[in-house]
Amino acid sequence: MSAMDRPNQDRVSTSASGSPTWWVVFTRELSELWLGGRALQLILIYSILLGLYSFLLATNSELKLMPLKEMVLEMVKAAIAVSLFICLIIAADSVSGERERSTLEGLLLTPASRRQIVAGKFLAAVSPWPVALAIAVPYWYAVSQGDPVFGRAALWGAVAGSLLAPALTGLGMLVSIRCNTIKASMIASLVPYLLLLIPATTAGPSKMYESYALWYRNQILQWLNPMAASSHFLKRVLVDDWHPDVLWIWLTAPVMFAGLVLVLLFHYGSPSLRLEAETAERFRPYWERLATLWRTAGFALRSPS
Amino acid sequence: MDTLRRESLGSPEGALMVEPTNGRSVSGSQASQLPILVAQDLCRSYGPRQALRGLSFTLNAGRILGFLGPNGAGKTTSIRILTTILEPSSGHFSVDGIDQRYPEKIRRRIGVLPENLGFPKQMTGLEYLSFFGRLYGRTAVDARSHALALLDDVGLTERGRSLIGTYSHGMRQRVGIARALVNDPAVVFLDEPTLGLDPRGQQELLGLVRRIASERKAGVILCSHLLWEIEKICDDVVILSSGQVIVAGSVREVIGRGRKGGIRISVPSASLAETRRVLERMAEVMNVAPVPEQTGCLRMDLANPSSEDHQVNNRILEALIRAGIPILGLSAEGNRLEEVFLQLTDKAVK
């Protein structure tokens, strides 16, 4: 019997009897990401980068330019930073990309709740993290050259990354929900990523401060940045051999950041998932006013009087 | 919840009047008279711009309603409101008796082929339809068997396992229609379904649309700029201009609203002057003039257009035949939806 020959019979029965919506969306996104090759390409680039970086560090080790523990720390930090970047750009493409490819409307026209759609996409976007971790561990082992620091690096690197990956993925998705184009969402999500990453990577060895006030200020700024706080935690555990019990406060920053981003994503972001992002339209009058002011100022500066 | 019954077509404002039936059950013979979609005074603004102003109409089960209007008339906005993608600024609508306050329930009862629907090129037609079937709550096995049946319905059984990226435009439109039917909807919205298709593809797709209404007893809203298409398969028509309904009713009624009294005659170019002389001598016709864009075509007005004298066309033909003029064609103006559409939308713009 063809579908056309059975009108009305199961119009109402197509209710929730199959898998949950988030699972259906998640499996589809996952197959599109991995079988479609996009995530595979990114993971391949990540593996090459990690290989090159470990080679460079190994060369440095031979020259005795960097202690072994610091080398492991650098590898852990690099693996986390690059895998977070992968999660971020996949998340940034997840909604705005569908808008650009005109595939979002079909999804929004189904009875699936916006929150479940976002949940499915979020889980798929965060999926490169465990794969990236699995790829990074052998590199960490190779760089640690049998040193016991490897065990701590594998454990705490996995913990720090697992806290940061959902946070950065959520951030990318929040931006993606609010952008109409992939280009806009990529730029808008890279800015906060770099703002978090640069202080975390440029933080050098412990400095001497002129006063306690300056030291406190530095510590608070570092704690407020979840990536810098994780980086500080890893440095103390891996390089300075501190016990994690006295460092738990540094893990509260990524936990709180992840919690905040996920609440924003699922409580405020998901319900505002629309066919067209409203942000651009909302800010248009301000941009137009700013452009007028800019033109007026330019004209005033150029005029001879 | 109150259900609504259509009372009459075409009020003076162009809105279709509705009457509450307070949930009374209606027998099977009356099923096609049941309003399955009721829109009342829908408005939508984008900032200071009013895209839609007081859209009201009803759609009955098993009927096809043509949704017409020039570009920017508010058709897409109307479709997006009725499919719960946009919220109306004011007004009310219900689908299959479900109030607009329950958009997720409404989405279970509707199927939509949007104008610019994108397709994931890495999925096969079968996977695509199965995915949407599962989003409507079907199990994986059920979704797959239903998807196969739908592919059969739209004539894509052979290509169901090929990647959508390899499909032609017409095949993608067919998959889009199959996707719109994946939940056995009560109302189907088709926005420009034949856009970009060759004539054969258009004919086949229109046949499919007719089957959706007749066999599935679904109400169909068809948006198109091809007026012959609307005239050919629609039962009712709503014409929008600048966000307002300018006319609504059955296709026959709407065509009946067109200005009558014009006649066009086509003759060989060499006989044009002689034809004009013969016609100008007749008392029944006036304003005989060549049609600038059509060689060998003359247009004239009837002296008494409101007259019920249907023999006037025969008398014109008789005069021309007696004069030995070969007649290539004769048509009365105001009998085509396209002419009525142009007349009404021109008037609305002015």
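Because the structure is a prediction, the values reported are computed rather than measured.

Rules of the game
Residues numbered from 1 in each chain as written. Chains lettered and ligands numbered in written order. Predicted model: local features only at pLDDT ≥ 70, side-chain atom pairs only at ≥ 80, totals over all residues. Helix = DSSP H or I, 4+ residues; strand = E, 2+ residues; numbered from the N terminus. Buried ≥ 20, exposed ≤ 12 C-beta atoms within 10 Å, placed from the backbone. Contact = placed C-beta atoms within 7 Å. Nonpolar A, V, L, I, M, F, W, Y, C, P; charged D, E, K, R; others polar. Pairing = 2+ DSSP bridges. Expected span 1.5 Å × (residues − 1). pLDDT = per-residue confidence, 0-100. Core = buried A, V, L, I, M, F, W, Y, C linked by C-beta atoms within 7 Å. Axes fitted to C-alpha atoms, helices over the stretch in contact; angles between N-to-C directions. Left-handed = near helix turned anticlockwise from the far one by under 90°.

> I tried to follow the overall build of chain B on my own but got confused; where do I start?
For chain B, the count of helices and strands is 11 helices and 16 strands. Taken over 350 residues, chain B has a buried fraction of 43%. Of the contacts made within chain B by residues no fewer than 6 positions apart, 66% connect residues no fewer than 24 positions apart.

> Help me understand the overall build of chain A, please; the structure alone is not making it clear to me.
In terms of regular secondary structure, chain A is built from 13 helices and zero strands. Shown N-terminal to C-terminal, the secondary structure of chain A runs as helices and strands in the order α-α-α-α-α-α-α-α-α-α-α-α-α. Residues counted as buried form 39% of the 305 residues belonging to chain A. Of the contacts formed within chain A by residues at least 6 apart in sequence, a portion of 83% connects residues at least 24 apart.

> Sorry, what's going on with the interface of chain B and chain A here?
Often the size quoted for an interface is simply the accessible area lost on bringing the parts together. Every contact between the two is made by 37 residues of chain B and, on the other side, 31 residues of chain A. Only helix 2 (103-109), helix 3 (125-135), helix 4 (140-153) and helix 6 (199-216) of chain B provide two or more residues apiece to the side of chain B that touches chain A. Ranked by residue count, the leading element in the side of chain B that touches chain A is helix 4 of chain B, at six residues. When the residues that make up the side of chain B that touches chain A are grouped by side-chain class, the tally is 15 nonpolar, eight polar and 14 charged.

> Got a minute to help me understand the sheet that holds strand 4 (residues 49-60) of chain B in this structure?
Sheet strands pair by backbone hydrogen bonding; their relative direction is either parallel or antiparallel. All names here are of chain B. Spatially, the four strands line up as an open sheet ordered 4-3-6-7, and their pairing is antiparallel. Looking along the sheet, the strands with just one partner apiece sit at the ends: strand 4 and strand 7 (98-99). Relative to strand 7, strand 6 (residues 90-95) is paired through two bridges, and the arrangement is antiparallel. Its bridge partner lying in strand 7, Ser-94 is registered against Asp-99.

> Please explain helix 3 (residues 68-94) of chain A as it appears in this structure.
An α-helix turns once per 3.6 residues; consequently, residues spaced three or four apart project the same way. Over its 27 residues, helix 3 of chain A runs 39 Å from end to end, which matches the ideal 39 Å to within 8%, given 1.5 Å per residue. Most of helix 3 of chain A sits out of view: 21 of its 27 residues are buried.

> How do you make sense of the confidence of the model for chain A when you look at a structure like this?
The predicted structure's coordinates, where accompanied by low pLDDT, should not be read in detail. Mean pLDDT over chain A stands at 86; residues scoring 70 or higher make up 87%. Within chain A, the element-level pLDDT minimum falls on helix 13 (residues 278-302) of chain A, averaging 72, and the maximum on helix 6 (residues 114-126) of chain A, averaging 96.

> What's the story with the nonpolar core in this structure? I'm lost.
Most often, soluble globular proteins have nonpolar side chains that are buried together. Ranked by size, the top nonpolar core spans 157 residues in total, and within it Cys87(A), Val187(B), Val220(B) and Leu222(B) carry the most contacts. Per-element tally for this core: the top contributor is helix 3 of chain A, with 16 residues. The contact partners of Cys87(A), leaving out residues within four places of it in the chain, are Ala125(A), Val126(A), Pro128(A), Trp129(A), Ala165(A), Leu168(A) and Thr169(A).

> Honestly, the pairing of strand 15 (residues 297-302) of chain B in this entry has me stumped. Any pointers?
On any regular strand, side chains alternate: one points to one face of the sheet, the next to the other face. Residue and element names in this part refer to chain B. Sheet analysis places strand 13 (residues 262-266) next to strand 15, joined by five bridges and oriented antiparallel. Across the sheet, residue Ile-265 finds its bridge partner in strand 15, namely Leu-298. The pairing of strand 14 (residues 285-290) with strand 15 spans four bridges and is classified as antiparallel. Note on strand 15: the bridge partner recorded for Met-286 is Asp-301. If you look at the hairpin formed by strand 14 and strand 15, you'll find six residues sitting between the two strands, and Gly-296 has a positive phi there, around 75°.

> Explanation requested: the environment of Ile316(B) in the structure shown.
Within the element layout of this structure, Ile316(B) appears in helix 10 (residues 312-322). When near neighbours in sequence (up to four residues on either side) are disregarded, Ile316(B) contacts Met282(B) and Val285(B).

> Please explain unusual backbone geometry as it appears in this structure.
Where the residue is not glycine, phi is negative for most of them; where a peptide bond is considered, it is trans in most cases. Residues and elements named next belong to chain B. In this model, Asp-96 sits at a positive phi of 55°, which is unusual for a non-glycine residue. The phi angle at Lys-217 is positive, at roughly 60°, despite the residue not being glycine. Assignment of secondary structure puts Lys-217 in the loop between helix 6 and strand 10 (219-223).

> Explain the packing of helix 1 (residues 21-34) of chain A against helix 6 of chain A here, please?
For any two helices packed against each other, the geometry comes down to the angle between their axes and how far apart the axes lie. Residues and elements named next belong to chain A. Look at helix 1 against helix 6: their axes get within 7 Å of each other, and the N-to-C directions meet at 35°. Here helix 1 runs over helix 6; the crossing is right-handed. Taken together, the residues of helix 6 that come into contact with helix 1 (itself represented by Thr-21, Trp-22, Trp-23, Val-25, Phe-26, Glu-29, Leu-30 and Leu-33) are Gln-116, Ile-117, Ala-119, Gly-120, Lys-121, Leu-123 and Ala-124. Of the residues contributing to the contact of helix 1 with helix 6, the split by class is 10 nonpolar, three polar and two charged.

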